[in-house]
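The chain contents come next:
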Amino acid sequence: MNMRITIIIAAVLWVSSHAVGQSLRNGDRGSAVLMVNDSLVGSLELDADQRRQLSELERSYHQQYDLVQKNDTLDPAVARQQVQELTAWRDLEIARILSTEQQEAWQRMTAKPADSKR
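Residues numbered from 1 in each chain as written. Predicted model: local features only at pLDDT ≥ 70, side-chain atom pairs only at ≥ 80, totals over all residues. Heavy atoms only, no water.

(A) The arrangement of the packing of aromatic side chains in detail. Scanning the entire structure with this criterion turns up one aromatic pair. Judged by centre distance (6.1 Å) and plane angle (20 degrees), the rings of Tyr-61 and Tyr-65 are stacked. Of this pair, Tyr-61 and Tyr-65 both sit in helix α2 (residues 48-70), separated by four residues, roughly a single helical turn. The class for Tyr-65 is buried, based on a relative accessible area of 16%. If you follow Arg-90 out to its NZ or CZ, it ends over the ring of Tyr-61, 4.5 Å from the centre. (Phe/Tyr/Trp six-rings, centres within 6.5 Å; stacked < 30°, edge-to-face > 60°. Helix = DSSP H or I, 4+ residues; strand = E, 2+ residues; numbered from the N terminus. Buried < 20%, exposed > 50% of the residue type's maximum accessible area, 1.4 Å probe, protein only. Lys NZ or Arg CZ within 6 Å of the ring centre and 35° of its normal.)

Okay, structure coming up:
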């Protein structure tokens with residue numbers, strides 16, 4: 001998943017978690033709209049706890065990402081590797097937060113065209 005897609009998804013999850021998540025009571029679920037490459041791709045039903053966890057995860061990811069990007073002493077290859085490792089960590093955490101069904105839907109929505117033909 002490229003960085004632009006990641007940032008768009010993160011922004012949508014963050015906004016939806018604050019806008020809708022605050023109005024959800026524990027145990028309630030609501031749709032979180034997802035965008036990829038500036039296009040609406042679908043939504044996932046997330047409960048308030050999932051929204052909070054995803055919001056916190058994205059905030060942490062972006063703080064760490066910003067630190068890597070601001071470190072002008074890093075070799076570009078090292079910075080790229082750190083971002084790849086950070087993104088892999090974030091993707092594992094997303095998978096931990098989502099249910100199996102949500103993970104499957106997420107994979108379908110975010111699959112690259114070549115991936116979806118398999």
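The discussion continues.
(B) A look at the confidence of the model for the protein. Predicted confidence across the protein gives a mean pLDDT of 75, with 60% of residues reaching 70 or more. Mean pLDDT across the secondary structure elements of the protein bottoms out at helix α1 (residues 3-19), with 51, and peaks at helix α3 (residues 76-97), with 92. Residue range residues 16-24 is modelled with pLDDT below 50. Its contacts to residues more than four positions away, or to other chains, number 17 contacts. (pLDDT = per-residue confidence, 0-100. Contact = heavy atoms within 4.5 Å.)

(C) Examining α3 more closely. Between its first and last C-alpha, α3 extends 31 Å over 22 residues, near the 32 Å set by a 1.5 Å rise per residue. What α3 keeps buried is the set Ala-79, Val-83, Leu-86, Thr-87, Arg-90, Ile-94 and Ile-97. The buried residues of α3 occupy an angular sector of 105 degrees when projected down its axis, which confines them to one face. Exposed residues pointing more than 90 degrees away from the buried face of α3 are listed as Leu-92 and Arg-96. (Expected span 1.5 Å × (residues − 1). Arc of directions from axis to C-beta.)

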